[in-house]
Amino acid sequence: MHVPDGIIPLWLQVLLLVVSGTVMVISYRKIRARFDDRFIPFIGVLAAVIFAAQLVNFPVPPFSSGHLVGSTLLAVMVGPWAGMLIIGLVLFVQVLYGDGGILTYGLNLFNMGAFSVFLGYGIALLLFKFLRGKTTSDRAVFFSAGFAAFIVTTSAAFVLGLELLTVPGFGIEALAAITGVHIIIGLGEAILTSIILLYFVKANPHLISFLKDDSEEVEEQEDNKLQPGYPIKKVASVLAFSIIVITSVILIGLASQSPDGFEWALFVYAGIPEPENGFQGLWSFLGENQFVNAFTGSVGIIAVLGLAYLIFRKSTHYGHDHEHTDKFLIPFDEGKQKRRLFSSTGLLLSSIAVAVVISLQTTLSSILILIGLIILSGWLSGTRWRDVISLATKFEVVILFWIILEPFIYGSTVIFTINLPWGFLNANAEGLYLGLLLGSRMFAILLTLLTALSHMTLSEFTGALRTLRVPNSIVGSLLIMFRYVPLFIEERSRMHNAQKLRGFSRGRRFERIRSLGYLVGTSINRSFDRSITAYESMSLRGFSKGTKIPGAGLRKSDVFLPILVVFLIVSLPFMFSILLEVIFP
């Protein structure tokens, strides 16, 4: 069912991409809100198994073939939300392999992910509840999952046929043909689903979502059994077994070379010409033979396992357990988050590198694209956008002053004219564009820096500055600004509220200025007294005037990360050119 580019109309691809993307976002948030991180190795193994199973087509005599999709299997084992993300990850890697189009990713994800996963979960759950009182739970799982897999495969093929009706030359007869051949493929899907379930049920039935009991006693037993997670030995054994089986099947030639049900119905039965000049995959330069297929398949299995581990590890709740404080000028992360993929020095260097790249952009469209990528990457990393955007907007208000002035001081193409008592004031298009360019550029830089700072604590930030050999005078000035400016504002607000509660009225303008001066002077005086007390206490504890706190030291990853980020940003135009060639070959 992997539809390539150049067949389905673009409007349908965009529509289903939006639908699938929305479901993916909802699934990610569901996983992020509640997911046990002990299941992450198991999730990686399951994704690798699904990818491996989809590499091999089983024959559908006499003219077609099929392969496991695994939507129902995933829904039964880990639930629909995690199953949706796994299918999305597997399909993404398959796109890199040239199996399925780049632009049709959303359509394929809808057919094999959103539609199939949730339909399979609903049918299997209803049938499981019906059979659980009539047979054992294990058998109920096998029968319900197998039957649901058969129904889902046939239904997904019918939905795909409805989508193909938008293709000239694909009629009702072809719709019946693609549905009919997938009835046979559905039988194979049901058998493979039951076989894979049989292994995991025997290995650990508590890993199957349908076999979880609600009683407290069973939950305690589950916690004890899952305490070590899914053991690394099992991960390695399942991964090695998958690679050996797939390699053996490919090298011996047991995999069917016949077109799958979709290809047979579209290209053979309906006679629609197969599109040419499409994306052939990252490994196309190696050619195609049994040894190459076995090698690339093994690499793909390992890649899917690693990507699944990284994505689900990042989406679990422990990575977003913030208990930050708002008593800083910058939204530092002062909560319980301990596990970080990158060091604070690497994050700071990357944000500076991205800021430099942004400052070199000369078109508004490129800056807006970078802002979108920053927001997307920040959303995936759990950025507190409410704090970051709020602070960036406050700084941007100052920049807006220049945006307003630019149209009146630069340019020659008049947009409109303001009649003033001393003459005419012209607003120019070039100045307006320049103002928008400068404003968006500064906003993008602010978002980049604030996003990076929101993922480190104040102590990590100062450690990164010392690692980069920033002078102590600058570090100290920044600490005063970050820490004591908000404290001063809070102190002023507290004193003002105390005055209001005591019935004090500031009266005329001069009285308000004098009252404000009193508040400022008192706050500075109290801060000075506190600093003297802190200095004396530190001196009594052995801190001398020349004491310096060293940085953490520069690591290789701290240099590699900004280089990688800049490379990805610089390569964006080439990626867009490839997409344009795919859309308009």
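Everything numeric in this text was worked out from a predicted model, so none of it was measured.

1. So, the overall build of the chain
Then step 1. A tally of helices and strands in the chain yields 20 helices and four strands.
Then step 2. With 585 residues in all, the chain has 43% of them scored as buried.
Then step 3. In the chain, the proportion of contacts linking residues at least 24 apart, taken out of those at least 6 apart, comes to 77%.

2. Some remarks on the environment of A190
Then step 1. For A190, the location among the structural elements is in helix α7 (residues 172-203).
Then step 2. A residue is classified by how much of its surface remains accessible, and A190, at 14% relative accessible area, is buried.
Then step 3. When the C-alpha positions of A190 and A148 are compared, they lie 7.8 Å apart, and in sequence the two are 42 residues distant.

3. With respect to the packing of helix α5 (residues 105-132) against helix α6 (residues 137-164)
Then step 1. In contact at an axis separation of 7 Å, α5 and α6 are set at 145 degrees when each is read in the N-to-C sense. In the packing of α5 onto α6, the handedness of the crossing is right-handed.
Then step 2. Looking at the contact of α5 with α6 residue by residue, the class counts come to 20 nonpolar, six polar and two charged.

4. Some points on the packing of aromatic side chains
Then step 1. In total, this model carries five aromatic pairs according to the counting rule given.
Then step 2. Taking 5.3 Å as the distance between ring centres and 70 degrees as the angle between the ring planes, the aromatic pair formed by W81 and F118 counts as edge-to-face. Here W81, found in helix α4 (residues 80-96), pairs with F118, found in helix α5; they are 37 residues apart in sequence, far enough to count as distant.
Then step 3. When its relative accessible area of 30% is taken as the criterion, W81 is described as partly exposed.
Then step 4. An angle of 45 degrees between the planes, with centres 5.6 Å apart, marks the rings of W264 and Y269 as tilted.
Then step 5. Residue class for W264 comes out buried when judged on its relative accessible area of 13%.

5. Some remarks on the nonpolar core
Then step 1. Judged by nonpolar contacts, the single largest core of 94 residues is most densely connected at M77, L164, F170, L197 and I208.
Then step 2. Looking at this core element by element, the count peaks at 11 residues for helix α2 (residues 40-54).
Then step 3. Residues V354, A355, L437 and L458 belong to the second largest nonpolar core, which totals 31 residues.

6. A closer look at the pairing of strand β3 (residues 414-420)
Then step 1. The pairing of β3 with strand β4 (residues 423-428) spans six bridges and is classified as antiparallel. The partner of V414 across the bridge, within β4, is N428.
Then step 2. Linking two consecutive strands that pair antiparallel, namely β3 and β4, is a turn of two residues.

7. Details of the confidence of the model for the chain
Then step 1. In the predicted model, the chain carries a mean pLDDT of 77, and the fraction of residues at 70 or more is 79%.
Then step 2. Confidence, expressed as mean pLDDT per element, reaches its minimum in the chain at helix α8 (residues 216-226) with 44 and its maximum at α5 with 91.
Then step 3. Note that residues 214-229 has pLDDT below 50 and, in this model, 15 contacts with residues that lie over four places away or in other chains.

8. Describing unusual backbone geometry
Then step 1. Of note, the phi angle at R469 is positive, near 60 degrees, even though the residue is not glycine.
Then step 2. Checked against the element boundaries, R469 lands in the loop between α16 (458-467) and α17 (472-501).
Then step 3. Residue R469 is classed as exposed on the basis of its relative accessible area, which comes to 67%.

9. Considerations on the side chain of T448
Then step 1. Positionally, T448 belongs in helix α15 (residues 429-453).
Then step 2. Note on T448: relative accessible area 8%, which makes it buried.
Then step 3. The residues contacting T448, other than those within four sequence positions of it, are S351, V354, I358 and I374.

10. Section: the side chain of H67
Then step 1. Structurally, H67 can be placed in the loop between β2 (64-66) and α3 (71-78).
Then step 2. Ignoring any residue separated from it by four or fewer positions in sequence, one finds H67 in contact with H2, A53, Q54, V56, N57, F58 and E189.

11. Looking at a nonpolar patch on the surface
Then step 1. Taken together, the side chains of F92, L96, L282, L307 and I311 define a hydrophobic patch exposed on the protein surface, amounting to about 390 Å² of accessible area.
Then step 2. Of all the secondary-structure elements, those providing two or more residues to the nonpolar patch are α4 and α11 (290-315).
Then step 3. As for its placement among the helices and strands, L282 is situated in the loop between α10 (261-269) and α11.

12. Topic: α2
Then step 1. Between its terminal C-alpha atoms α2 stretches 21 Å, which fits the 21 Å expected from 15 residues at 1.5 Å a residue.
Then step 2. Among the 15 residues in α2, 14 count as buried, and that is most of the element.

13. Side note on the packing of α3 against α4
Then step 1. It is the contact of α3 with α4, at a shortest axis distance of 7 Å, that shows an interaxial angle of 140 degrees. Taken together, the axes of α3 and α4 are oblique relative to one another. In the crossing of α3 with α4, the sense of the turn from one axis to the other is right-handed. Residues S71, L74, A75 and V78 of α3 form the contact with α4, whose participating residues are P80, A82, G83, I86 and I87.
Then step 2. For the contact of α3 with α4, the class distribution of residues is seven nonpolar, two polar and no charged.

14. Here we look at the environment of S27
Then step 1. Checked against the element boundaries, S27 lands in helix α1 (residues 10-33).
Then step 2. Since its relative accessible area comes to 0%, S27 is described here as buried.
Then step 3. Remark: the alpha-carbon pair of S27 and G83, spanning 56 residues in sequence, is separated by 8.9 Å.
Then step 4. Ignoring any residue separated from it by four or fewer positions in sequence, one finds S27 in contact with W81, M84 and L85.

Reading the values: rules and limits
- Residues numbered from 1 in each chain as written.
- Predicted model: local features only at pLDDT ≥ 70, side-chain atom pairs only at ≥ 80, totals over all residues.
- Heavy atoms only, no water.
- Helix = DSSP H or I, 4+ residues; strand = E, 2+ residues; numbered from the N terminus.
- Buried < 20%, exposed > 50% of the residue type's maximum accessible area, 1.4 Å probe, protein only.
- Contact = heavy atoms within 4.5 Å.
- Axes fitted to C-alpha atoms, helices over the stretch in contact; angles between N-to-C directions.
- Left-handed = near helix turned anticlockwise from the far one by under 90°.
- Nonpolar A, V, L, I, M, F, W, Y, C, P; charged D, E, K, R; others polar.
- Phe/Tyr/Trp six-rings, centres within 6.5 Å; stacked < 30°, edge-to-face > 60°.
- Core = buried A, V, L, I, M, F, W, Y, C linked by side-chain atoms within 4.5 Å.
- Pairing = 2+ DSSP bridges.
- pLDDT = per-residue confidence, 0-100.
- Patch = residues over 30% accessible without salt bridge, like charges linked within 9 Å, V, L, I, M, F, W, Y side chains within 5 Å.
- Areas by Shrake-Rupley, 256 points an atom, 1.4 Å probe, with all protein chains shown as cover.
- Salt bridge = Lys/Arg side-chain N within 4 Å of Asp/Glu carboxyl O.
- Expected span 1.5 Å × (residues − 1).
- Parallel < 35°, antiparallel > 145°, perpendicular 65-115°, else oblique.

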